[in-house]
Amino acid sequence: ATSSMHALDRLISENKPWSLVVSFHNPHPPMVAAGKYFDKYWDLKEDFCVPPSIDTTHLEETPDKPDKNPKIQNVDAVKEWMVSYYAMVEEVDEHIGRLLRKLDESGLRKKTLVVFTSDHGESLGAHGKKGKGTFFEEAIRAPLMFRLPGVIPKGKEINIPTSSIDVFSTVLDYTGHAVHDDSDGESLRRFIDESNVNPSHDHEYVVSEWDVRKPAKGGELTNNLMRGANFMVVKDNWKLVIPKLESNLSYDQLYDLARDPFEMNNLLGSNAKSASKEIVGKAEHLKVLLYEWMNRMDGSKGLYSNPVFNAGEGRGDITEVQLRRTWNSSPIWVSDTELRFGKPSIWGSMYTRNEFLYIGRTTEGTLQVDKISLEGTDSRLFELSGFLKGYIGSEKHRRVKVTFRSSGNELATHFLDARIRVSHSEGEDIIINLHML
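Described in the following lines is the structure provided in the data block. What you see is a predicted model; the values in this text were computed from it and never measured. (Residues numbered from 1 in each chain as written. Predicted model: local features only at pLDDT ≥ 70, side-chain atom pairs only at ≥ 80, totals over all residues. Heavy atoms only, no water.)

This brings us to the packing of helix H1 (residues 2-14) against helix H3 (residues 75-105). H3 packs onto H1 with a crossing angle of 15 degrees between their chain directions and a minimal axis gap of 10 Å. Relative to H3, H1 is oriented roughly parallel. Here H1 and H3 pass one another in a crossing that is right-handed. Facing H1, whose interface residues are Thr2, Ser4, Met5, Leu8 and Asp9, H3 presents Arg98, Leu99, Lys102 and Leu103. (Axes fitted to C-alpha atoms, helices over the stretch in contact; angles between N-to-C directions. Helix = DSSP H or I, 4+ residues; strand = E, 2+ residues; numbered from the N terminus. Parallel < 35°, antiparallel > 145°, perpendicular 65-115°, else oblique. Left-handed = near helix turned anticlockwise from the far one by under 90°. Contact = heavy atoms within 4.5 Å.)

So, in structure tokens, the structure goes:
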């Protein structure tokens, strides 16, 4: 912190554009906090909330294992550990406050973009674990805050899942250098300004990837892709976690974070082959979103299609993920039984928002979709494009683009009389209700 204060003094005095990256090691093992902060939280430790997932019985339905140290599953021991963690968080917060006050005193507050973030979260006993190394919420969630007075509204909160891959693009956007952005990220300004309409694909989900292997001597890799999970997809309140290989024997994982915020009920565990059609549809939906993301990221080198990028294991991520399915197959699946629209934004002269409905088949044979149509007194506010009728073969899917357009009068109405009817060859028509968030 002291070095950063000196650096900030120097940069301010040079009177030209500057960038300063300040990295704090804490909170981090060995979890040693300064005395005054430690003492404060030691007195509060009995009030700390230890998550119910400290009981690790649910891990039997996942590829994860609890920490080998039994103290990580002990409530009192975890609370003592939290003391050091929270103490270090407050210490970092105080040093950041020093930097921000110096920036304010320099008169550059309104001209400086400030970004605060971290690389990962901390389990703190959740799922019987410490540190990171999982796709559970406690480990993968991290703070992300932007400040640019007069441009970014103070106190604005974004509840859409985002990724650290987008931070660089966002910085370039707000500093007027978006034209130089050749990264794989996308500026998050579309969420801050509420200008996202999902023009060509769904922009409101995130993918995270973790290769469990590590380099060893002689150019070899430790472990292999037959163990554990490698991909996570989060869309709205749903999370899918799967391995890279079709042949990996680990359980896949699907969590409904709205009903199961502590992720203790894997909907694709030992019961995957008897999963309901709604669960199957959501698993297929998130897998398709991962498939689309990999195709967009694949590039000329084939990062997700060429096996060389997995050190020769498997047939390439795109092929492996497409073929992997531990849940039951279905002659027809749909991604949503209720399609909820995010906040519309001005697009031209109209408030506009696009969402996407997916329909597929995973059993042998061919699905015939006779018609996909709109119904209801408010159906005039919507239009359909993309796949509206035709055939879907085994292991295939199709996408329907659903567009909402309004002059603005209907924006306050969350419940509309509008729905999509899917007429098909496998039985009764499927009805998907349309709602505004």
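From this point, the discussion proceeds with the structure in view.
Turning to a negative patch on the surface, a few remarks are in order. Residues Glu46, Asp47, Asp76 and Glu80 make up a contiguous surface patch of negative charge. Note on placement: glutamate 46 falls in the loop between helix H2 (35-42) and H3. When its relative accessible area of 56% is taken as the criterion, glutamate 46 is described as exposed. (Patch = residues over 30% accessible without salt bridge, like charges linked within 9 Å, V, L, I, M, F, W, Y side chains within 5 Å. Areas by Shrake-Rupley, 256 points an atom, 1.4 Å probe, with all protein chains shown as cover. Salt bridge = Lys/Arg side-chain N within 4 Å of Asp/Glu carboxyl O. Lys, Arg positive; Asp, Glu negative; His and termini not counted. Charge placed at Lys NZ, Arg CZ, Asp CG, Glu CD. Buried < 20%, exposed > 50% of the residue type's maximum accessible area, 1.4 Å probe, protein only.)

So, about the layout of surface pockets. The computed volume of the second largest pocket comes to approximately 820 Å³. Asp64, Lys129, Gly133, Trp210 and Arg227 are, among the 27 residues lining the second largest pocket, the residues nearest its centre. Counting only elements with at least two residues in the lining of the second largest pocket, the list comes to strand S5 (238-242) and strand S6 (253-256). Here the residues of the lining of the second largest pocket are counted per class, giving 9 nonpolar, 5 polar and 13 charged. (1 Å grid on protein atoms, 1.4 Å probe; cavity = no way out; pocket = protein on both sides within 12 Å on 5 of 7 lines; lining within 4 Å. Points joined across faces, edges and corners; volume = space filled by probe spheres on them. Nonpolar A, V, L, I, M, F, W, Y, C, P; charged D, E, K, R; others polar.)

Two side chains with opposite charge may pair up if their charged atoms get near one another. Enumeration according to the criterion identifies 35 salt bridges in this entry. In this structure, the salt-bridge partner of lysine 40 is glutamate 90, at a minimum N-O distance of 2.9 Å. Taken together, the positions of lysine 40 in helix H2 and glutamate 90 in helix H3 put the pair 50 residues apart, joining distant regions of the chain. On the basis of relative accessible area, lysine 40 is assigned to the partly exposed category, the value being 41%. Exposure remark for glutamate 90: the relative accessible area of 22% places this residue in the partly exposed category. Linking glutamate 375 and arginine 421 is a salt bridge whose minimum nitrogen-to-oxygen distance equals 2.5 Å. Taken together, the positions of glutamate 375 in strand S11 (residues 366-375) and arginine 421 in strand S15 (residues 415-424) put the pair 46 residues apart, joining distant regions of the chain. The class of arginine 421 is partly exposed, set by a relative accessible area of 27%. Connected through shared salt-bridge partners, Glu375, Asp417, Arg419, Arg421 and Asp429 make up one network.

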